[in-house]
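Examination of the molecular architecture
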Amino acid sequence: MEYDKLSPVRVGVREAPFRSFLGRQEPSIVHFSPEAGNSLVVDQNDYHFDHAFRSTVSQLELYGALIMPLVGKVFCGFECTVMAYGQTGTGKSYSMGMTADNQATSEEHLGVLPRCLCDILDRVAAKQENTLERIQVSASYIEIYNEKAYDLLAATPMDPMLASRSDSCTCLPLASQEDLQRLLQLGNNNRHVRRTNMNANSSRSHAIVTIHLRRQGGQLSRMNIVDLAGSEGVRRTGHKGVARQEGVSINMGLLSVNKVVMAMAAGHAVIPYRDSVLTTVLQKSLTSQSYLTLLACISPHACDLSETISTLRFAKSAKRLRLNPQQLMM
Ligand code: ADP
Ligand code: MG
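Residues numbered from 1 in each chain as written. Chains lettered and ligands numbered in written order. Predicted model: local features only at pLDDT ≥ 70, side-chain atom pairs only at ≥ 80, totals over all residues. Heavy atoms only, no water.

What follows covers the sheet that holds strand β2 (residues 30–32). Read across the open sheet, the three strands follow the order β2-β3-β4; overall the sheet is antiparallel. Strands at the two margins of the open sheet, each flanked by one partner only, are β2 and β4 (45–48). Pairs of neighbouring strands in the sheet enclose a mean axial angle of 30°, with direction left out of account. Relative to strand β3 (residues 39–42), β2 runs antiparallel, the two sharing three bridges. The residue of β3 that forms the bridge with V30 is V42. (Pairing = 2+ DSSP bridges. Helix = DSSP H or I, 4+ residues; strand = E, 2+ residues; numbered from the N terminus. Axes fitted to C-alpha atoms, helices over the stretch in contact; angles between N-to-C directions.)

Here is the structure:
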């Protein structure tokens with residue numbers, strides 16, 4: 001069996017390229033170990049992860065090292081989640097491939113989502129050549145904004161749905177990259193987007209695209225691609241009123257992912273999934289029977305040091321998680 005030794009929790013860190021609007025290029029605050037591909041030093045502290053990607057890493061290299069092994073696990077019946085965490089502007093959406101402008105995006109820039117779909121569709125086609133088994137591939141797209149979940153593909157996407165009923169949200173069939181682009185376009189048009197003074201296109205909400213594999217007989221496995229809202233503090237984005245409330249909700253969601261991860265790491269019997277909508281929606285995918293891969297996106301800029309340290313701390317806490325998935329099928 002391929003990738004049998006795959007660790008259930010894997011953490012990668014990716015350094016973003018310099019943001020051009022900040023003017024002249026200063027030295028990066030992130031120092032990579034010249035020998036190992038998994039260590040870095042920030043502010044004189046060493047961090048060790050499964051992978052540490054420099055800003056020059058290609059989308060293909062990142063996908064191959066961090067994400068591709070999960071596709072094998074989805075075909076073995078496991079719930080798999082890839083989650084991009086970090087400050088706004090550090091490349092979470094770019095890495096996850098959540099934008100729908102693939103006509104304009106050259107192939108080398110394609111993110112995790114289209115690459116995953118490509119591998120999944122290839123495997124389904126190969127399996128169906130050899131057996132009569134039929135596997136249906138479909139996807140759903142959920143947004144979590146201000147502690148409410150929205151089914152972005154539904155006929156009424158502005159009506160919040162019950163987070164505990166996220167299993168029954170709209171799924172559209174996916175047979176090609178064009179289907180994925182249409183789905184992202186539809187979903188992205190329905191997202192709540194607000195400008196902040198950190199990134200004009202910043203999304204203040206969490207986005208979850210789930211690829212569902214359904215076999216005859218109803219067995220199901222899923223790959224969740226989660227593009228979390230910016231992890232920066234409310235202070236820093238300088239908002240008042242509605243936007244401040246957004247900041248509070250975002251922090252609540254991220255804090256509860258942290259609490260769930262910590263409770264699982266500590267082996268607690270009760271895991272606080274219901275503390276936030278984000279963890280309620282992801283409940284079935286954040287269990288000891290699933291695979292979780294975190295991509296922590298960090299900035300090279302000195303002015304972002306405190307956010308970078310907080311992102312690295314979160315990534316370190318995720319690394320302490322102990323999941324123990326058992327082989328489920330095939
Ligand atoms: P986030 O989702 O974390 O707020 P984005 O993914 O929107 O950040 O990235 C901010 C900008 O930087 C986007 O224009 C994106 O295309 C660009 N970008 C981010 N990472 C890279 C990268 N590794 N290579 C090229 N462009 C990048
Ligand atoms: Mg984004």
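Another aspect to go through is the layout of surface pockets. Over the atoms rolls a probe the size of a water molecule, and its path tells where empty space is left. Roughly 230 Å³ of internal volume is contained in the second largest pocket. Forming the walls of the second largest pocket are 19 residues, and the residues nearest its centre are S166, D167, R222, T280 and V281. Going through the elements one at a time, β7 (135–145), β11 (206–215), β12 (220–227) and α7 (277–281) are the ones with two or more residues in the lining of the second largest pocket. When residues of the lining of the second largest pocket are assigned to their parent elements, the largest contribution, three residues, is made by β11. Here the lining of the second largest pocket is built from residues that sort into six nonpolar, nine polar and four charged. (1 Å grid on protein atoms, 1.4 Å probe; cavity = no way out; pocket = protein on both sides within 12 Å on 5 of 7 lines; lining within 4 Å. Points joined across faces, edges and corners; volume = space filled by probe spheres on them. Nonpolar A, V, L, I, M, F, W, Y, C, P; charged D, E, K, R; others polar.)

Attention now goes to the nonpolar core. Core analysis: the largest hydrophobic core is formed by 47 residues, its most contacted members being C116, V137 and M223. Elements represented by at least two residues in this core include exactly α1 (59–75), β6 (79–86), α3 (112–130), β7, α4 (177–189), β11, β12 and β13 (290–298). In terms of residue count, the dominant contributor to this core is α1 (eight residues). Once you skip the residues sitting within four places of it in the chain, C116 turns out to touch Y63, I67, V71, I211, M223 and I225. (Core = buried A, V, L, I, M, F, W, Y, C linked by side-chain atoms within 4.5 Å. Buried < 20%, exposed > 50% of the residue type's maximum accessible area, 1.4 Å probe, protein only. Contact = heavy atoms within 4.5 Å.)

For the rest of this paragraph, the subject is the pattern of salt bridges. The final tally for this structure, using the stated rule, is seven salt bridges. Among the salt bridges present, the one from R191 reaches E143, with a minimum N-O distance of 3.4 Å. Of this pair, R191 sits in the loop between α4 and β11 while E143 sits in strand β7; the two residues are 48 residues apart in sequence, bridging distant segments of the chain. Neither residue differs from the other here; R191 and E143 are each classed as buried. It is possible to trace a salt-bridge network through shared partners that takes in E79, D167, R222 and K284. (Salt bridge = Lys/Arg side-chain N within 4 Å of Asp/Glu carboxyl O.)

Coordinates in, geometry out; function isn't part of it.
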